[in-house]
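# Working through the structure, step by step
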Amino acid sequence: MTSLKVLRRRIRSVTSTQQITKAMEMVAAAKLRRAQARAQATRPYAVELTGMLERVAAAARERELADPVLAAGPGAAGGGGVTLLVVVTSDRGLCGGFNTVLFRAVEERLRAAAPGSLQLVVVGRKGRDYAAARGWPVLAAFTDVGADAGVAFARRVTTDVLGRFRGTRERRASGSGSGEVARVELLYTHFLSVMRREVTQEAFLPIGPGGDGPGPAGAFAAAGPSGDVLLEPGLEPILAELLPRFAVARMLAALADSRASEEAARMTAMGAASKNAGELLDALVLARNRLRQTMITREILDIVGGAEALA
């Protein structure tokens, strides 16, 4: 039988744990409000920039402007080339199954892909550690996302991805490298509501036919033809400025969505942990009271039995 001392120690331990989980739930709720506002604020800019870029890209294709970002990568239409998958995970744990669902989606992609046809760029310390433990084909890993997943971090990840995508043709011409990046995709957790999140896979590069296009499908289907657009100071300077801005905006929107989903998952997990701790605490207190009652009853019986013996 468990001693009274052990029960009291477990009650103190569970009470302390419950206080911690309640505090973490409140902190996650406060961070969720900021992250949700940030995610909602980034979407309109990304959508508007996507529509603008789609029209400029259409004009570039009409003028046969050569840019690997504006057309399908070599072999993409036929299924060849390497797909670069950017996986957005978290830096910290205690967020329930947030990362587990992402890892399961990546493992399914790896099993379905031909050997060497899928490479990963991992964002987040949890994703980096998990990939290293399982030997995933990781080209780059980015950690220390920060509390707000700011523009500087999004630009750092985007610069690396764009460099790998643009540089594949040069590496192929020089005979170096084992494969060519034909397309880039994003895999992250899309924030729908506090209780609803879903793992989303989106095409990131290239832009246009063969690349499935960026952003929400059909968001600007009603836009006029590219010939109606007057481009000043010119198509190439506009593309040089617009392409990096678009890529950073898309990456920032994905990071903000992932951050809001992470905090929502953490708040839910800590709420469930607090509830479970409360139920366990009730059971321990009941067991302690029963044990104390048993001990008191035994002592009373001993006293009564001794008094009867003396009588």
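Every value quoted in this text rests on a predicted model; they were computed, and no experiment measured them. (Residues numbered from 1 in each chain as written. Predicted model: local features only at pLDDT ≥ 70, side-chain atom pairs only at ≥ 80, totals over all residues. Heavy atoms only, no water.)

## Regarding the overall build of the protein
What the protein contains, in helices and strands, is 5 helices and 5 strands. Here the contacts in the protein between residues at least 6 apart in sequence split such that 76% fall between residues at least 24 apart. For the protein, the accessible area works out to roughly 16,400 Å², and carbon and sulfur atoms hold 55% of it. (Helix = DSSP H or I, 4+ residues; strand = E, 2+ residues; numbered from the N terminus. Contact = heavy atoms within 4.5 Å. Areas by Shrake-Rupley, 256 points an atom, 1.4 Å probe, with all protein chains shown as cover.)

## Regarding the pairing of strand β3 (residues 138–142)
In the sheet, strand β2 (residues 118–123) pairs with β3 via 4 bridges, with the strands oriented parallel. Each bridged residue has a counterpart across the sheet, and for Leu-120 the counterpart in β3 is Val-138. In the classification by handedness, the crossover that spans β2, the intervening helix α3 (residues 125–134) and the parallel β3 is right-handed. (Pairing = 2+ DSSP bridges. Right-handed = clockwise from strand over helix to strand, strands pointing away.)

## Re unusual backbone geometry
With phi around 55°, Leu-94 is a residue other than glycine that occupies positive phi space. With respect to the helices and strands, Leu-94 occurs in the loop between β1 (82–88) and α2 (98–112). We classify Leu-94 as exposed; its relative accessible area is 54%. Not every positive phi belongs to a glycine, and Asp-144 is a case in point at roughly 55°. (Buried < 20%, exposed > 50% of the residue type's maximum accessible area, 1.4 Å probe, protein only.)

## A word on α3
Since the α-helix packs 3.6 residues into each turn, any two residues three or four apart lie on the same face. Every buried residue of α3 is accounted for by Gly-127, Tyr-130 and Ala-131. Along the long axis of α3, the arc covered by the buried residues comes to 100°, so they all point the same way. Seen from the open side of α3, the exposed residues pointing more than 90 degrees away from its buried face are Ala-132 and Ala-133. Buried-residue contacts for α3 involve α2, β2 and β3. Of the residues flanking the end of α3, it is Gly-135, one or two places downstream, whose phi is positive at about 70°. (Arc of directions from axis to C-beta.)

## Points about the side chain of Asp-257
Within the secondary structure, Asp-257 sits in helix α5 (residues 235–310). Residue contacts for Asp-257: discarding those within four places in its chain leaves Ala-39, Arg-43, Tyr-188, Thr-189, His-190 and Phe-191.

## Observations concerning a nonpolar patch on the surface
A surface patch of nonpolar side chains, about 260 Å² in accessible area, is lined by Ile-296, Ile-300 and Val-304. Counting through the fold element by element, Ile-300 comes out in helix α5. (Patch = residues over 30% accessible without salt bridge, like charges linked within 9 Å, V, L, I, M, F, W, Y side chains within 5 Å. Salt bridge = Lys/Arg side-chain N within 4 Å of Asp/Glu carboxyl O.)

## Some thoughts on α2
Spanning 15 residues, α2 covers 22 Å between terminal C-alpha atoms, matching the ideal 21 Å at 1.5 Å per step. For α2, every residue scored as buried is listed here: Phe-98, Asn-99, Leu-102, Phe-103, Ala-105 and Val-106. One side of α2 holds all its buried residues, which, seen down the axis, span an arc of 160°. Seen from the buried face of α2, the exposed residues on the opposite side, beyond 90 degrees, are Arg-111 and Ala-112. (Expected span 1.5 Å × (residues − 1).)

## Focus: the pattern of salt bridges
Proximity of charged atoms lets side chains of opposite charge pair with each other. Summed over the entire model, instances satisfying the criterion amount to 12 salt bridges. Put simply, Arg-92 and Glu-263 hold a salt bridge, and the shortest N to O gap is 3.9 Å. Of the two residues, Arg-92 is situated in the loop between β1 and α2 and Glu-263 in helix α5; the sequence distance between them amounts to 171 residues. For Glu-263, a relative accessible area of 1% puts it in the buried group. Close ionic contact of Asp-160 with Arg-164 constitutes a salt bridge, the shortest N to O distance being 2.8 Å. In this pair, Asp-160 and Arg-164 both sit in helix α4 (residues 151–174), 4 residues apart, roughly one turn of the helix. Judged by its relative accessible area of 23%, Arg-164 falls in the partly exposed class. Through salt bridges with shared partners, one network takes in Arg-92, Arg-259, Glu-262, Glu-263 and Arg-266.

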